[in-house]
Amino acid sequence: MDNFELQEELQAIQDVDHYSFDNESDLSSADARDINHLLESAVDALAHSSDNITDPAVFDAYRSLLKHAAALQGSHMIKILDSISSAYHSQLESTVRDIDEEEQQTFMVHKAPLEMYAFLLNWFVSAAEKVKTSGEDDAPALAPKARRGRGGKAAASRAAARKPSEEWSWQDQIPPTLNLVSKVLRMKTQRIWQTSAERETFINCVVRPVYHITENEQYMKSADIRRGVYKAICLAVKHQGHALAAQISIMQSLQYYEHLSEPMAECLNILAREFDHAQLGDEILREIAGKTFSAQDTKGPRAFSRFLVRYAELAPRQVLKQLSLLLAHLDSESYPMRMALVEVIGAIIRELAESPENDGLDGPGPGVDKAKQLKQINGLYDLLLERTLDLSSYVRVKVLSTLAKLCDGTAKFPQQRLAMTRAAVDALEDKASGVRKAAVSLLVRLILTHPYGVYGGFLSETEWKERYEQESAILAKMEGEVGKAVEREDGEDGSQAGDEDEEDEGVGEDEDEDMDGEDGGRKKRKKKRRNDDEMEVDDEGEEEDVGEDEDARMSDGSSAPKPRRGKTKTKKKRKSELDLAALTNEAAALGALNENQHLEAKLKKKFCLDALEFIRTVEEGMKTVQKLLASTNKLEVLEAMEFFRVTYEYKFDAAEAGIKKMLHLIWSKDNNATSEDGRELKSVRSRLLECYRTMYFEPVMNLEPKAQVNRIAKNMIEMTYNATLAELTSLEEMMRQLMEEGHIHEDVVNKLWQVYSSERPLPRMQRRGAVIILGMLALAKRSVVADRVETLVKVGLGDRGKTDLTLARYTCVALQRLNGSVKKVKGSLLDKTLRIDMDNPLFRKLQDAIERPCRTKEWFPMAEQAINTVYALGERPDILCGNLIKNLTKRVFGKKPTVSPSQSETQIDKEKDPDAMDEDDEREKVDSDASQQPPASPTKPSQGGGIKDAGDAFELSQLLFVVGHVAIKQIVFLELVEREWKRQKHEKELAAKIGGASTADKSKEQEELDQVAGNAEDEIGERIAAMREQELLYGSQSLLATFGPMLVHICGSPHKFKNRTLRMAATLAFSKFLCVSSAFCEQNHRLLFKILETSKDPSIRSNIVIALGDVAVSFSSIIDESNDELYKGLRDPDMVVKKNTLMVLTHLILNGMVKVKGQMGEMAKCVEDEDERISDLAKLFFAELSTKDNAIYNNLPDVISHLSVGAHAIDEEAFQSTMKYIFTFIEKEKQAENIVEKLCQRFRLSEDPRQWRDIAFCLSLLPFKSERSVKKLMEGLQYYRDKLHEEAVYARFQEILTKARSNKSANKPDAELNEFEAMLEENRRQGAEDQDFEKSVQGRKAIAKKRATRRTATRKKPAARHDGGESD
């Protein structure tokens, strides 16, 4: 076949349907026998001789089969491929033999057959995918692998012939096909195809199937196929001059096939490494560097960026050569390219830092190279750090994660690490949560890989300060000595050998001392390393790294460890060489020695300074990371927790605060694990428990079991030290969960009991901590306390409890746990609480503890918990409390011993000083803290109504406190009684139903119950309510009834009862009484508001605010009338009162207990409060309120009015930031439309420019997503057209226009918006003119007025003269 032109044929098959040839057989309608016959004849011809391909009949048979490949079965395709491959291979081998023999006539014969085979194989690869597997609808790319292996083609072909339905899988045939292509590409083609055009056409035809295979993502997942592809392309580029064509193909692949980014990078790496041809990679990098990517293009940049990153990982040196060109992409509009460059720079830094060239610094050459390399690294780090300010948060995240990876390198680069730490701390304030999370991760990596591990690896600022001061002192001392030595050396000559010897000895002594000190320090460090198994830090390796890093910064080139070796050698030399010849050279040796010592001391000082800077920078960031613990982003919270865990382990001084703040995450509602980057992440709560277990509860290596238990118990107790109430509440929940999950061993509980009951004099905090923790553990396991009640009573309510009332208080809390922690289900009548008979000695002890004479304020919380314990455990707590109140009343109002004259004087003095009692309290506290028995006498007289009727104010305070608390606990007890009655009645009815018991069988007890409770449950409820309402405070038999009028009298007469403690106790008791009876509340609640208004004591005001919340819950209808009074607390000057008011109102409003009547503005003011806690609480309130239907929308007009005009108005800046926050909750489009209409109408009624600006600002905060919103705004033009001359108002409307235009909805009213803009501009101009005109009119009026005034004055003067003349 002489007329075969490869180039023409290749172009022709681009359109297969119109491709025609001489001996074409139409197989689309042929049956299987015809196809088999045609195929068999062609296969036999090639099997006979591979040269037969030039026979037109054979060649056209193959062309016919390939043209109609869609009509063929898999078995046919296998035969075609086997036939072509075998013949092609045979032809190739004979060609190679002939070329080796160098007979041109012989090997030129092979040109046409080789082209034909290349053409057929190329066509086969594209046709193969058209053939379906029998009974399959999917493309063969997804077909299961064929059962036949590679090799044994003929046997497989025969098997296929026998089983025509055998599955056909092209994917399995690809590796052998690629192998064949590689063999072809090894041939010396330039001998056969002597013109470059012909040769290029042939090579392109051979390689084109390879590129076709790469386009299928499924194929490229196979390692065998990838290897074959790489090999074929590399051979074509290396031996066949295919570089330019390959460059074009690779660039197109990157442009159109995203999955080829990484494979192409791997291919270029193999080409450079195994085939020694790096030029193609360089050319492609240069071409990529010259491309520009727009921000809108997403696909292209992503593919090229992945290619660059992969290539930089595999061949960083290659990329480094072209980096200067690639850096242009750091300013690319497309953020994926900027991200890629960041990763590329990271890979290059890693390569430069870890290259083996860094180690050899023997000759001047390598030293120069290292300096150059360090300069390069510094420059690259600077580029990375600049990118931390990139506009895209994705790029910023990538920079931080790249820096985190660089931390793991062996070279530490301390100066760069400090810059990275600073950048990470700054990034903690970033607005994107992903960036903040990455910044925290970077800080964690920086701490874990820090280079300051020489002294044990811990990073306590206090310890490093001490080290720095020591090193500074050593350096200062050394610099002083070196100065003296230099002076001496200058004054020496040859005759002063003796003096020199003495000086040398002196220096030697100093040197010996230094060495001893240093060696001693080193020994200590080694010993510490052996003992300290908590931290797995390779100190020696770190020390060497430090030396290298100091090299990087010190131009001298000497590292810290080297002088040590030098010093030791010199020292040995001094001791061994004692002859006179050595002594003459000693001055020079000492000079060098001193220089080495001096350099080492300087380096040590710098080292300590760097460590301190690192520690301080990290601690500066800790405050921000604490805030991140409250983030709504779960991944961020988990990262922040990990940060505090690591800082705690490395002993940062400021880590403790973060660890305590972490504790509150125990209340996190999130219990679901999430995954990130393929990693499974725990829920916040389970991660918190894990962190605390790791830090406090897990055993430490090489510790005895007893020491382990002691350590864990100590950790648990120390958690209670200086803990706030909130921290203790969270700690309680955590301890409960840990105990439930079985993480706290029985031995630890026993140790806590041992600490609590120890006879040895322990610190008070320790004993208190033990009982607090035991009480917490008892929540999960009652037996913790139930088995040791006697111990609690003996210690906490015995002698130790008498001297330490706080211990007694927490003992009472622990005793309350005897009831367990079963939560009551609403509506359930079940009561699983344990009740103890009142004869139990426990109650006697509790009563004694309360009645024992005492004059310290610690008594009040102790008495509260003691009463709580009585009501929690007692069968009839009212009996005990009745006796208690009687006894205390006798003590207060009973007859006192006769007052001596001296005591009388003291009493008069005390009356002059109403707060003298507080001094008593302080003195008592000191005595108490000194573990002494309180010397106070119960009969000591003090504040009272007068000398004749003198009483003890402190004792009266105690009585009133108990009375108030008993009143409130009695209500709770009555509710329990009601539930118990209902339960008994319910059981009786159930028994009657089951047993069919008749009324005649009723027991006497049941009859009594019927009489008390009535027949209906409602009657029980009514009876209890009547007791509470009428009997507790008004009943003739009620003990509390006596104290109601007394409390009203004391609270209403502050001029008579001036003692602060008494006033506080009375107000608290009075507040509790108000919660008991609605009648009492109705009569006296105004007094509470009056005290709130007039009291100068913030503690009293704070208590009243909390009490009002409780009263509002009990009797909302009464408090509703005085609703406004509640909000006054939000304007209180005291922050605690303000915070408590906000919390109470939040609770009442969100639970619907009070109606909001236009006071929401006061709550909104708190959003911008200067106190961060109040601001956060207010924001939380509005966030929760937004979940209620339309609550914010309904109150929005009132809020705007309240904050914009009138007495309550706030300044404009605060108004804007407050409204910006509140408007974020207006999300419904319908709401936004209505607000537009309402705000536009407000313009009509307002005259104040400030109000115009505020309304316009509020309008600009709305989204204007819908056409209707814009329409409403246009319709309202008549209301604000005359206000547009105000610049700020006009600017806001321009913002609204921009927002409306940026809306991407299909029916955006562009024409109307343009018209509206023109109208706004026209009205603004007209308004400005009117304003100018009005000003000029006002000016003229003023001038006319002045003239009129002058005329009047001039007329009056002559008249006055005339009158004077007449009088004369």
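No experiment lies behind these values; they were computed from the predicted model shown.

Each value, and the rule that gives it
Residues numbered from 1 in each chain as written. Predicted model: local features only at pLDDT ≥ 70, side-chain atom pairs only at ≥ 80, totals over all residues. Heavy atoms only, no water. Helix = DSSP H or I, 4+ residues; strand = E, 2+ residues; numbered from the N terminus. Buried < 20%, exposed > 50% of the residue type's maximum accessible area, 1.4 Å probe, protein only. Contact = heavy atoms within 4.5 Å. Areas by Shrake-Rupley, 256 points an atom, 1.4 Å probe, with all protein chains shown as cover. Axes fitted to C-alpha atoms, helices over the stretch in contact; angles between N-to-C directions. Parallel < 35°, antiparallel > 145°, perpendicular 65-115°, else oblique. Nonpolar A, V, L, I, M, F, W, Y, C, P; charged D, E, K, R; others polar. Polar contact = N/O pair within 3.5 Å; in protein donor to acceptor, adjacent residues only side chain to side chain. Salt bridge = Lys/Arg side-chain N within 4 Å of Asp/Glu carboxyl O. Phe/Tyr/Trp six-rings, centres within 6.5 Å; stacked < 30°, edge-to-face > 60°. Expected span 1.5 Å × (residues − 1). Left-handed = near helix turned anticlockwise from the far one by under 90°. Disulfide = S-S within 2.5 Å. Core = buried A, V, L, I, M, F, W, Y, C linked by side-chain atoms within 4.5 Å. Patch = residues over 30% accessible without salt bridge, like charges linked within 9 Å, V, L, I, M, F, W, Y side chains within 5 Å. Lys, Arg positive; Asp, Glu negative; His and termini not counted. Charge placed at Lys NZ, Arg CZ, Asp CG, Glu CD. pLDDT = per-residue confidence, 0-100.

Draft legend 1. The overall build of the chain, seen in detail. Scanning the chain for helices and strands turns up 63 helices and two strands. Looking at the chain as a whole, 49% of its 1368 residues qualify as buried. Sequence-distant contacts, at least 24 apart, represent 74% of the contacts inside the chain between residues at least 6 apart. Taken as a whole, the chain presents about 67,600 Å² of accessible surface, with 50% of it coming from carbon and sulfur.

Draft legend 2. Geometry of the packing of helix α17 (residues 335-354) against helix α19 (residues 393-406). Between α17 and α19, whose axes approach to 9 Å, the crossing angle comes to 10 degrees. Between α17 and α19, the interaxial angle falls into the category roughly parallel. Every residue of α19 that contacts α17 at Tyr-335, Arg-338, Met-339, Val-342, Glu-343, Gly-346, Ile-349 and Arg-350 is listed here: Tyr-394, Val-395, Lys-398, Val-399, Thr-402, Lys-405 and Leu-406. Of the residues contributing to the contact of α17 with α19, the split by class is eight nonpolar, two polar and five charged.

Draft legend 3. Structural view of the side chain of Ser-1260. Structurally, Ser-1260 is set in helix α59 (residues 1249-1261). A polar contact of 2.6 Å, which involves the side chain of Ser-1260, links it to the backbone oxygen of Phe-1257. When residues no more than four places from it in sequence are discounted, the contact partners of Ser-1260 are Arg-1292, Glu-1295, Ile-1296 and Lys-1299.

Draft legend 4. Representation of the pattern of salt bridges. Across all of its chains, the model carries 60 salt bridges by this definition. Put simply, Lys-985 and Glu-989 hold a salt bridge, and the shortest N to O gap is 3.0 Å. In this pair, Lys-985 and Glu-989 are both assigned in helix α44 (residues 953-995), four residues apart and thus about one turn of the helix distant. Under the relative-accessibility criterion, Lys-985 is labelled buried at 5%. With a relative accessible area of 35%, Glu-989 lands in the partly exposed category. We note a salt bridge from Glu-1237 to Lys-1272, for which the minimum N-O separation is 3.1 Å. In this pair, Glu-1237 sits in helix α58 (residues 1229-1245) while Lys-1272 sits in helix α60 (residues 1267-1275), placing the two residues 35 residues apart along the sequence. Residue Lys-1272 is classed as partly exposed on the basis of its relative accessible area, which comes to 25%. Each of the salt bridges in this network shares a partner with another, and the network as a whole consists of Glu-642, Arg-645, Glu-649, Arg-687 and Glu-690.

Draft legend 5. Here's a closer look at the packing of aromatic side chains. Taken as a whole, this structure holds 24 aromatic pairs when the rule is applied. Look at Trp-753 and Tyr-756: their rings are 5.9 Å apart centre to centre, the planes differ by 75 degrees, and that puts the pair in the edge-to-face class. On the criterion of helical spacing, the pair formed by Trp-753 and Tyr-756 is a turn pair, its members being three residues apart in helix α33 (residues 746-757). The two residues Trp-753 and Tyr-756 agree in class, both being buried. A centroid spacing of 6.0 Å and a plane angle of 70 degrees characterise the contact between Phe-1070 and Phe-1080, whose relative ring orientation is edge-to-face. One end of the pair, Phe-1070, is in helix α48 (residues 1060-1074); the other, Phe-1080, is in helix α49 (residues 1078-1094), and 10 residues separate them in sequence. Across the pair, exposure class does not vary: Phe-1070 and Phe-1080 are buried alike.

Draft legend 6. Molecular detail of unusual backbone geometry. Its identity as a non-glycine residue notwithstanding, Asn-1190 has a phi of 55 degrees, on the positive side. A positive phi angle, near 50 degrees, is found at Phe-1264, a position not held by glycine. Structurally, Phe-1264 can be placed in the loop between α59 and α60.

Draft legend 7. Representation of helix α12 (residues 261-273). The end-to-end C-alpha separation of α12 is 19 Å, in line with the 18 Å expected for 13 residues at 1.5 Å each. The buried fraction of α12 is high, at 10 of 13 residues. Where the residues of α12 are buried, they touch α9 (196-214), α10 (223-239), α11 (243-256), α13 (279-290) and α14 (299-314).

Draft legend 8. Summary view of the environment of Glu-1287. Relative to the helices and strands, Glu-1287 resides in helix α62 (residues 1287-1301). The exposed category is assigned to Glu-1287, whose relative accessible area is 52%. Along the sequence, Glu-1287 and Arg-1253 sit 34 residues apart, while their C-alpha atoms lie 9.1 Å from each other.

Draft legend 9. Focus on the packing of helix α4 (residues 74-101) against helix α8 (residues 170-185). Two elements in contact, α4 and α8, have axes separated by 10 Å at closest approach and are oriented at 15 degrees. Taken together, α4 and α8 sit at an angle that is classed as roughly parallel. Regarding α4 and α8, the two cross each other, and that crossing is left-handed. Counting all contacts with α4, which are made through Leu-81, Ser-85, Tyr-88, His-89 and Leu-92, the residues of α8 involved are Trp-170, Gln-173, Thr-177, Leu-180, Lys-183 and Val-184.

Draft legend 10. Examining the state of the cysteines more closely. Under the counting rule described, the total for this entry stands at zero disulfides. For Cys-1081, which is in no disulfide, the shortest distance to another cysteine sulfur is to Cys-1075 and amounts to 7.5 Å. Assessed through its relative accessible area of 0%, Cys-1081 is described here as buried.

Draft legend 11. Structural view of the side chain of Glu-642. Topologically, Glu-642 is positioned in helix α28 (residues 634-649). A polar atom in the side chain of Glu-642 sits 2.7 Å from the side chain of Arg-645. Contact partners of Glu-642, with chain neighbours within four places excluded, come to Val-444 and Arg-687.

Draft legend 12. Quick look at the nonpolar core. In terms of nonpolar packing, the biggest core is built from 364 residues, with Phe-202, Met-662, Phe-1182, Met-1219 and Phe-1293 touching the most fellow members. The element best represented in this core is α44, accounting for 15 residues. When sequence neighbours within four positions are dropped, the list of residues in contact with Phe-202 reads Leu-6, Tyr-88, Leu-114, Glu-115, Ala-118, Val-184, Met-187, Thr-189 and Trp-193.

Draft legend 13. Broad picture of a negative patch on the surface. Judged by side-chain charge, Glu-1267, Asp-1310, Glu-1312 and Glu-1315 come together as a negatively charged surface patch. Top element by residues in the negative patch is helix α63 (residues 1310-1367). It accounts for three residues. Structurally, Asp-1310 is set in helix α63.

Draft legend 14. Region of the structure containing the confidence of the model for the chain. Per-chain confidence: the chain averages 77 in pLDDT, with 77% of residues scoring 70 or above. Below a pLDDT of 50 lies the segment residues 134-166, which in the model reaches 41 contacts outside its immediate sequence neighbourhood of four places, other chains included.

Draft legend 15. Representation of helix α38 (residues 805-816) within the structure. Helix length check: α38 (12 residues) gives 17 Å between terminal C-alpha atoms against 16 Å at 1.5 Å per residue, within 8%. Taken together, the buried positions of α38 are Leu-805, Thr-806, Leu-807, Ala-808, Tyr-810, Thr-811, Cys-812, Val-813, Ala-814, Leu-815 and Gln-816. Backbone nitrogen of Thr-806 and a side-chain oxygen of the N-cap are separated by 3.3 Å at the start of α38; the cap is Asp-804.

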